[in-house]
Amino acid sequence: MKAAQLIKRFMPYFKKYKWIMVLDLLCAALTTVCEIILPLIVREITDRAIDDFASLTVNLVLKAGGIYLVLRIIDASANYFMAYNGHIMGAKIETDMRTDLFSHLMKLSFSYYSNTKVGQIMARITSDLFDVTEFAHHCPEEFFIAGIKIVAAFLILASMNLPLTLIMFAVLPFMLIV
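Residues numbered from 1 in each chain as written. Predicted model: local features only at pLDDT ≥ 70, side-chain atom pairs only at ≥ 80, totals over all residues. Heavy atoms only, no water.

Caption draft 1: Layout of the nonpolar core. Membership of the largest hydrophobic core comes to 14 residues, with the highest contact counts inside it found for Phe10, Phe14, Met89, Ile93 and Met97. Listed by contribution, the elements that provide at least two residues to this core are α2 (12–15), α3 (18–51), α4 (58–107) and α6 (118–160). Beyond its immediate chain neighbours, meaning those up to four positions away, Met97 contacts Phe10, Tyr13, Leu129 and Val132. Of all hydrophobic cores here, the second largest spans five residues; its members include Cys27, Ala28, Ala78 and Ile145. (Core = buried A, V, L, I, M, F, W, Y, C linked by side-chain atoms within 4.5 Å. Buried < 20%, exposed > 50% of the residue type's maximum accessible area, 1.4 Å probe, protein only. Helix = DSSP H or I, 4+ residues; strand = E, 2+ residues; numbered from the N terminus. Contact = heavy atoms within 4.5 Å.)

Here's what the structure looks like:
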């Protein structure tokens, strides 16, 4: 089967848990934004220190530190939600798949079981469904996070130097293909 066909067969399992997935992706977006903002804060402080050292006040540094502390709290909360509820969602999807798989196995003929070792069937079910569970939780998150990072990097770099950013991002389609 092609990858698109497999993903199409897999998508109905997400339907029951779409709100958990939405919240999980929202938390993934929050963690990504929190990661991206630290270099921007450091750049702002460094630029002020280089341009006009007198403008770098204790108040500014404390405000930046406070913003960063709030972002770390948001990041920790979002990571906790992603780890806890995301893995529970993956386990529930695994349970749904096990139920469907058991129903399918019950419909097979006796000759299938005569020709196939039961231990082999059980090993495949156990290991393959574990991989599917990890895929169900981590794959959408990782693709979503990568997309946010690409867009954010483009916007940040374009605000600094648009022609150079366009040159750098012209390579991106080739990287995605490879």
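We are not done yet, so read on.
Caption draft 2: Spotlight on the pattern of salt bridges. Tallied over the entire structure, the rule returns six salt bridges. Of the charged contacts in the structure, one is a salt bridge between Lys149 and Glu35, with a shortest N-O distance of 3.2 Å. Residue Lys149 is located in helix α6, and its partner Glu35 is located in helix α3; the two are separated by 114 residues in the primary sequence. For Lys149, a relative accessible area of 37% gives the class partly exposed. (Salt bridge = Lys/Arg side-chain N within 4 Å of Asp/Glu carboxyl O.)

Caption draft 3: Main features of the side chain of Asp75. Note that Asp75 resides in helix α4. Judged by relative accessible area, Asp75 falls into the buried class, the value being 9%. When residues no more than four places from it in sequence are discounted, the contact partners of Asp75 are Thr31 and Cys34.

Caption draft 4: How the structure looks around the packing of α4 against α6. Viewed as axis vectors pointing N to C, α4 and α6 meet at an angle of 140 degrees, and their least axial separation amounts to 9 Å. As the angle between them shows, α4 and α6 are arranged oblique. The two elements α4 and α6 cross, and the hand of that crossing is right-handed. Each of Met82, Gly86, His87, Met89, Gly90, Ala91, Ile93, Glu94, Met97, Arg98, Leu101 and Leu105 in α4 lies in contact with α6, whose residues at this interface are Ile121, Ile125, Thr126, Leu129, Phe130, Val132, Thr133, Glu134, Ala136, His137, His138 and Glu141. Partitioning the contact of α4 with α6 into residue classes produces 13 nonpolar, seven polar and four charged. (Axes fitted to C-alpha atoms, helices over the stretch in contact; angles between N-to-C directions. Parallel < 35°, antiparallel > 145°, perpendicular 65-115°, else oblique. Left-handed = near helix turned anticlockwise from the far one by under 90°. Nonpolar A, V, L, I, M, F, W, Y, C, P; charged D, E, K, R; others polar.)

Caption draft 5: Representation of the packing of aromatic side chains within the structure. In total, this model carries six aromatic pairs according to the counting rule given. Aromatic pair Phe10 and Tyr13: ring centres 6.3 Å apart, planes at 45 degrees, arrangement tilted. Ring centres of Phe10 and Phe14 lie 5.2 Å apart, and the angle between their planes is 90 degrees; on these two criteria the pair is classed as edge-to-face. Take Phe10 and Phe14: they sit in the same class, and that class is buried. (Phe/Tyr/Trp six-rings, centres within 6.5 Å; stacked < 30°, edge-to-face > 60°.)

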